Amino acid sequence: YLGFNANMLANEMYLDSADIRKNIVSLAKMLGYTPTSAKAPTANIDITINNGTGATVTMAKGTAFTTKVNDLNYQFVTNEDITMTPQDGVYKFSNVNVYEGTLATYRYTVDSTDVDQRFIIPSQNADTSTLKVQVQNSQSDSAKSTYTLATGLRGLDDTTKAYFLQETDTGKFEVYFGDGVIGNKLSDGNIVILEYVVSNKEEANGASSFALSGSIGGFTNATITTNSVAQGGSEPETKESIRFNAPLQYTSQDRAVTTTD
């Protein structure tokens, strides 16, 4: 028994032989690699408002569209506010990306006295490519700052509003922030706001016909043209894919190369 346990323990210490996902993810992290999350199918559409009026019209983030795949209903949503100005009286939103799923928001209040506090995205089906991170000053101060995903250390200082992302041992993703040397450090009372799309992953791939659910700027009569059908929905990155990609990511390390390299 002791020999078997020692063998299995040794296997989990190396990326090539590890079998438990959390160990593979941890070993990949040491190579600077973050596995990809579940992905929401994405479609590109044009929306023409038939009864539009006004100098501009804004389509709010989270505007929903419905579709059907294999006789099942699915919802697609926008992931940003989009404002358009009519051209020759035509109110048209062009090349709008919509994501299958539900727009979700989760909030944390920063408390440095809680040594176990972590900013975890609650759903394993969250698409981290749709993640928007904002930090509100406090409950009494509604001013917000937008934080961007750090893809390397270059250019980061103690004031850079950046966040980092990693997969936890439960398969959910965690957002974390700088320490005041590399990246801006959060203060007690700050409110971390996470907005993201929770998806059904590959189930809605192929969706091609969309209808407006609700309204856009108060207008409900809209014609929708599909530029590209829904595609790209997928499960989180597999263990085998992590093993393959992590060393390649480490080899390149985001460095500049020449054509002869």
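Look a little higher up for the structure.
About the thresholds
- Residues numbered from 1 in each chain as written.
- Predicted model: local features only at pLDDT ≥ 70, side-chain atom pairs only at ≥ 80, totals over all residues.
- Heavy atoms only, no water.
- Phe/Tyr/Trp six-rings, centres within 6.5 Å; stacked < 30°, edge-to-face > 60°.
- Pairing = 2+ DSSP bridges.
- Helix = DSSP H or I, 4+ residues; strand = E, 2+ residues; numbered from the N terminus.
- Patch = residues over 30% accessible without salt bridge, like charges linked within 9 Å, V, L, I, M, F, W, Y side chains within 5 Å.
- Areas by Shrake-Rupley, 256 points an atom, 1.4 Å probe, with all protein chains shown as cover.
- Salt bridge = Lys/Arg side-chain N within 4 Å of Asp/Glu carboxyl O.
- Lys, Arg positive; Asp, Glu negative; His and termini not counted.
- Charge placed at Lys NZ, Arg CZ, Asp CG, Glu CD.
- Core = buried A, V, L, I, M, F, W, Y, C linked by side-chain atoms within 4.5 Å.
- Buried < 20%, exposed > 50% of the residue type's maximum accessible area, 1.4 Å probe, protein only.
- Contact = heavy atoms within 4.5 Å.
- Arc of directions from axis to C-beta.
- Polar contact = N/O pair within 3.5 Å; in protein donor to acceptor, adjacent residues only side chain to side chain.

**Student:** Can you explain the packing of aromatic side chains? Please cite residues and give values.
**Tutor:** Following the criterion strictly, the structure yields six aromatic pairs and no others. Here the aromatic residues Y106, Y108, F119, Y147 and F177 are joined through ring pairs into a cluster of three or more.

**Student:** Residues and numbers for the sheet that holds strand 7 (residues 102-109), please.
**Tutor:** Strand order in the open sheet formed by seven strands is 7-13-9-10-11-12-8, with mixed pairing between adjacent strands. The sheet is open, and its two borders are formed by strand 7 and strand 8 (119-120), each paired with just one other strand. Sheet topology note: the strand 11 (residues 162-167)/strand 12 (residues 173-177) ladder contains five bridges and is antiparallel. When the sheet's bridge partners are listed, Q166 is paired in strand 12 with E174.

**Student:** Requested: an account of a negative patch on the surface, with residues and values cited.
**Tutor:** A surface patch of like charges, here negative, comprises D111, D114, D116 and D188. Within the secondary structure layout, D111 lies in the loop between strand 7 and strand 8.

**Student:** Help me get a handle on the nonpolar core, residues and values and all.
**Tutor:** Of all hydrophobic cores here, the largest spans 23 residues; its most connected members are I47, F65, F76 and F93. Those elements that provide at least two residues to this core are strand 1 (42-49), strand 2 (57-59), strand 3 (64-69), strand 4 (72-77), strand 6 (91-100) and strand 15 (222-231). Ignoring anything within four residues of it in the chain, the contact list for I47 reads M59, F65, Y91, K92, F93, V96, I216, A222, T223 and I224. V110, F119, L131 and Y147 belong to the second largest nonpolar core, which has 19 residues in total.

**Student:** Describe the pattern of salt bridges, listing the residues and the values that go with them.
**Tutor:** As a working rule, side chains carrying opposite charge can pair if their charged atoms are close by. Taken as a whole, this structure holds seven salt bridges when the rule is applied. With its nearest N and O atoms 3.9 Å apart, the salt bridge here joins D127 to K39. With D127 in strand 9 (residues 126-136) and K39 in the loop between helix 2 (21-29) and strand 1, this residue pair connects regions lying 88 residues apart in the sequence. With a relative accessible area of 26%, K39 lands in the partly exposed category. Here R118 and E174 are joined by a salt bridge, their closest N and O atoms 2.8 Å apart. Pair noted here: R118 is in the loop between strand 7 and strand 8 and E174 is in strand 12, with a separation of 56 residues, a long-range link.

**Student:** Talk me through the pairing of strand 13 (residues 191-198); I want residue IDs and the actual numbers.
**Tutor:** Counting buried positions over the eight residues of strand 13 gives six, a clear majority of the element. Relative to strand 13, strand 7 runs antiparallel, the two being bridged by eight bridges. Within the sheet, the bridge partner assigned to L103 lies in strand 13 and is V197. Note: strand 9 against strand 13, seven bridges, orientation antiparallel. Each bridged residue has a counterpart across the sheet, and for Q134 the counterpart in strand 13 is I193.

**Student:** Can you explain the environment of Q231? Please cite residues and give values.
**Tutor:** Tracing the backbone through its elements, the reader meets Q231 in strand 15. Between the C-alpha atoms of Q231 and Y99, which are 132 residues apart in sequence, the distance is 9.7 Å. Aside from chain neighbours lying at most four places away, what touches Q231 is A40, P41, T42 and N205.

**Student:** Would you mind going over helix 2 in detail, with residue names and values included?
**Tutor:** Looking at helix 2, one finds that the buried residues are I24, V25, L27 and A28. Down the axis of helix 2, the smallest arc covering the buried residues is 165°, so these residues share one side.

**Student:** Pulling in residues and values, what's your account of the side chain of N79?
**Tutor:** In this fold, N79 is placed in the loop between strand 4 and strand 5 (82-84). In this structure N79 comes out as buried when scored by relative accessible area, which is 7%. A distance of 3.1 Å separates a polar side-chain atom of N79 from the backbone oxygen of T130. Setting aside residues no more than four positions away along its own chain, N79 makes contact with K61, Y99, L103, T130, K132 and V197.

Keep in mind that these numbers describe shape and distance, not what the molecule does.
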